[in-house]
Amino acid sequence: MPKSGLREVEHEITISAPATAVYRLIAEVENWPRIFPPTIHVDHVEKSENTERIRIWATANGEAKNWTSRRTLDPEGLRIGFRQEVSAPPVASMGGTWVIEPVSDSVSRVRLLHDYRAVDDDPAGLAWIDEAVDRNSRSELAALKRNVELATAQEDLTFSFEDTVQIAGSAKDVYDFVNDAHLWAERLPHVASVRLEEDTPGLQTLEMDTRAKDGSVHTTKSYRVTFPHRKIAYKQVTLPALMTLHTGYWTFTETETGTAASSQHTVTLNTENIARILGADATVADAREYVQSALSTNSRATLGHAKDYAEARA
């Protein structure tokens, strides 16, 4: 293999799930925060039948980054091509293909192909990319296997729900209340303390100590992506014991009478901790009810205070 110029590499893994199910989870980008641990949020910039531009917010070495990629979808051939529009040095260009191959009705092989060049074909830059692509591809495929098998085997453990409050105030004021999380310890009774960082505009790291109904305090960490006055999407990365996944978003929609403010959650339950937290006789249904009640209580409290804040300014 040449030491410089275009490099082509391939990684693969075998997954206990039907090829069409694996293809769907990779093709539908709203699934990515659920199946790829580094992914915080993905949205569409443009979309036609088989091509799309997507924006990806993800962590790399503990830092949150974002970039835009073009993708070509081939549902018949179970292939997805991708290419970064603007690569960051030392990468001059980066692209590749997901190839999903049925091994049997319930098993598939996933091949992840990459091609890339280093800026000025620099050998040191190429070595850095080689290492990053190898490390990321291995961890991405391992996470894909783990989470796709979980998603297909335990669909009853993942659920979503939403709370909405009607507010006689502007979407901007409601958004500002939720966006200004550094003020929550003063504004929200259930928040004991907050640490908020926003090194890149629109990309926040939020650490928070919240009080539960029983008086206990829990520390959580989330990454948040903000879309001013419309939406704040987030992914929790330090999770309470009863969850293996928690993503969600706040939305702020102008109405004839003011604003509809919603808080949506998607959760996967951690069955290993149900007995320890809720008692030996507790079921999955009990855990689901407990988690939904706790999250809804906090969301509704936050939206209630946001309502007071916005209506006082209306």
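Everything below is about the structure printed above this text.
So, a few notes on the structure that sits alongside this text.

Procedures and definitions
- In every chain, residue numbers begin from 1 and rise along the written sequence.
- Totals for whole chains, interfaces and linings use all residues, but because this is a predicted model, local features are given only for residues with pLDDT of at least 70 and pairs of side-chain atoms are given and counted only at 80 or more.
- The basis for every side-chain value is the complete set of heavy atoms in the structure, and neither hydrogens nor water enter the calculation.
- Numbering of helices and strands runs from the N terminus; a helix is a DSSP stretch of H or I covering at least four residues, while a strand is a stretch of E covering at least two.
- Using C-alpha atoms as the atom set, the radius of gyration is obtained and then compared with a globule rule of 2.2 Å times the number of residues to the power 0.38.
- When checking whether two residues touch, look at their non-hydrogen atoms; a contact exists if any pair is within 4.5 Å.
- Per-residue accessibility takes into account occlusion by the displayed protein chains alone, with areas from the Shrake-Rupley method and a 1.4 Å probe.
- Just so you know, the count uses Lys and Arg for positive and Asp and Glu for negative, and it drops His and the chain ends.
- Taken as the charge location is NZ of Lys, CZ of Arg, CG of Asp or CD of Glu.
- Any two strands with at least two DSSP bridges between them are considered paired.
- Interaxial angle, 0 to 180 degrees, is taken between N-to-C directions of lines fitted to C-alpha atoms, where a helix line uses only the stretch in contact.

### A few points about the overall build of the protein chain
- When you go through the protein chain residue by residue, the secondary structure sums to seven helices and 14 strands.
- Taken over the C-alpha trace, the protein chain has a radius of gyration of 22 Å; the compact-globule value for 314 residues is 20 Å, and the two agree within 12%.
- Taken along its principal axes, the extent of the C-alpha atoms in the protein chain is 65 × 45 × 35 Å.
- Contacts in the protein chain between residues far apart in sequence, at least 24 positions, make up 52% of those at least 6 positions apart.
- Summing over all exposed atoms, the protein chain offers an accessible surface of approximately 15800 Å²; the carbon and sulfur share of this is 48%.
- Each charge sign in the protein chain was given a centre, from 34 positive and 46 negative side chains, and these centres are 1 Å apart.

### With respect to the sheet that holds strand β11 (residues 217–227)
- Within the open sheet, the seven strands sit side by side as β8-β14-β13-β12-β11-β10-β9. Their pairing is antiparallel. Each end of this open sheet is capped by a strand with a single partner; those strands are β8 (158–167) and β9 (191–200). The mean angle between the axes of side-by-side strands here comes to 20 degrees, regardless of whether they run parallel or antiparallel.
- Pairing of β9 with strand β10 (residues 203–211) involves seven bridges; the strand directions are antiparallel. Its bridge partner lying in β10, V194 is registered against M208.
- Packing against the sheet, helix α4 (residues 171–179) makes contact with β8, β9, β10, β11, β12 (231–238), β13 (243–255) and β14 (258–269), and its axis sits at approximately 155 degrees to β13.

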